[in-house]
Amino acid sequence: MMSAMPNLLLRRIRVAKERFVPFLRPADDNESLLRRHVREGELYGLFRNKREPVSMAVVADVSASFAAGGREAGLAPALEGLRVCECALLATAPAFRGQGYGAQLLMRLCGLYDGAYDAMIVGTGETPRMRRFYEGRCGFRPCFRRADFFMGGYPQPLIEDGVQLRDMLVFCRFLRSQGGGGA
Ligand SMILES: CC(C)(COP(=O)(O)OP(=O)(O)OC[C@H]1O[C@@H](n2cnc3c(N)ncnc32)[C@H](O)[C@@H]1OP(=O)(O)O)[C@@H](O)C(=O)NCCC(=O)NCCS
């Protein structure tokens, strides 16, 4: 399916990034956080036929959080002192979901950031579907939690697949040049 898809192009977008906020909105209900990620992070899209975005993501450098004494170093000893990037937003256009685009984009980003970074993390609500996606499809492993992350900054309680979200579960994948496969 993916390999048969013609003209699937990975592009980094540097100009007028905010025009893709609506595309990425399903990835985060916290509007100010969403806009900050788009503004400050590195934005990528998988485009069909050169111009039609099917899946998009934002990657940010979060190494400082895992430096000795950093905000999250104590939560994830395995990441302490490593060069860590975070896939802060990921969304596939509704019409294209379930066709492998999200996994392909994330895997291509792991390849792109391999070398400059030792590991990629991604945080999500803890639902069976998200576990299937990040663990089953993309080879990430559960790493640590951001306690009560979804309890503040959101307009209303977040319910996904019938589960009220509370903690953010952070998955990790070590990148190959660091010397390992999965976390
Ligand atoms: C999560 C998301 C990015 C996955 O992208 P995708 O292109 O559909 O992913 P793939 O086709 O590569 O993989 C599909 C898998 O994703 C998971 N998945 C999670 N949410 C899904 C959804 N709404 N529709 C389809 N699959 C979904 C399933 O595990 C599915 O595997 P399955 O078919 O075995 O059940 C996409 O569903 C999406 O944009 N959701 C809304 C935004 C979001 O929740 N972003 C992640 C925030 S952490």
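Our subject is the structure that appears above.
The notes below deal with the structure included here. (Residues numbered from 1 in each chain as written. Predicted model: local features only at pLDDT ≥ 70, side-chain atom pairs only at ≥ 80, totals over all residues.)

A few words now on the nonpolar core. When a protein is soluble and globular, its nonpolar side chains tend to lie buried together. One finds Ala57, Cys87, Leu109, Ala119, Met120, Ile121 and Phe171 to be the most contacted residues of the largest nonpolar core, which totals 43 residues. Of all the secondary-structure elements, those providing two or more residues to this core are strand E2 (42-48), strand E3 (52-61), strand E4 (84-92), helix H4 (101-113), strand E5 (119-125), strand E6 (141-146) and strand E9 (168-174). Here this core takes seven residues from E4, the largest share from any one element. Apart from the residues lying within four places of it in its own chain, the contact partners of Phe171 are Ile121, Val122, Tyr134, Glu135, Phe140, Arg141, Pro142 and Cys143. (Core = buried A, V, L, I, M, F, W, Y, C linked by C-beta atoms within 7 Å. Buried ≥ 20, exposed ≤ 12 C-beta atoms within 10 Å, placed from the backbone. Helix = DSSP H or I, 4+ residues; strand = E, 2+ residues; numbered from the N terminus. Contact = placed C-beta atoms within 7 Å.)

In this section: the environment of Ile13. Here Ile13 lies in strand E1 (residues 8-13). Classification of Ile13 as partly exposed rests on a count of 17 C-beta atoms within 10 Å. For Ile13 and Ala93, which are 80 residues apart along the polypeptide, the C-alpha to C-alpha distance reads 17 Å. Dropping the residues within four chain positions of it, Ile13 is found in contact with Phe20, Leu43 and Gly45.

With mixed pairing, the seven strands of this open sheet are ordered in space as E1-E2-E3-E4-E5-E9-E6. Each of the sheet's edge strands pairs with one partner strand only, and the pair in question is E1 and E6. Averaged over all neighbouring strand pairs, the angle between strand axes comes to 30°, with direction disregarded. Of the strand pairs in this sheet, E6 and E9 are connected by five bridges, and their pairing is antiparallel. Of the residues in E9, the one forming a bridge with Phe144 is Val170. Contacts from helix H2 (residues 31-40) reach E2, E3 and E4 within the one sheet, and its direction differs from that of E3 by about 85°. Packed on one face of the sheet, H4 meets E1, E2, E3, E4, E5 and E9 and runs near 40° to E3. (Pairing = 2+ DSSP bridges. Axes fitted to C-alpha atoms, helices over the stretch in contact; angles between N-to-C directions.)

A separate point is the site of the ligand. Around the ligand sit 18 residues, and of these Thr92, Arg97, Gly102, Ala103 and Arg132 come closest. Those elements giving two or more residues to the shell around the ligand turn out to be E4, H4 and helix H5 (128-137). In terms of residues, the shell around the ligand owes the most to one element, H5, which gives four residues. Looking at the shell around the ligand residue by residue, the classes come out as seven nonpolar, seven polar and four charged. (Near = placed C-beta within 6 Å. Nonpolar A, V, L, I, M, F, W, Y, C, P; charged D, E, K, R; others polar.)

Our next topic: unusual backbone geometry. Positive phi, normally seen in glycine, also occurs at Ala16, with a value near 50°. Turning to its location among the elements, Ala16 is positioned in the loop between E1 and helix H1 (21-24). For Ala16, a count of 7 C-beta atoms within 10 Å gives the class exposed. Its identity as a non-glycine residue notwithstanding, Asp148 has a phi of 60°, on the positive side. Counting through the fold element by element, Asp148 comes out in the loop between E6 and strand E7 (159-160).

Geometric descriptors of this kind do not, in isolation, establish any biological role.
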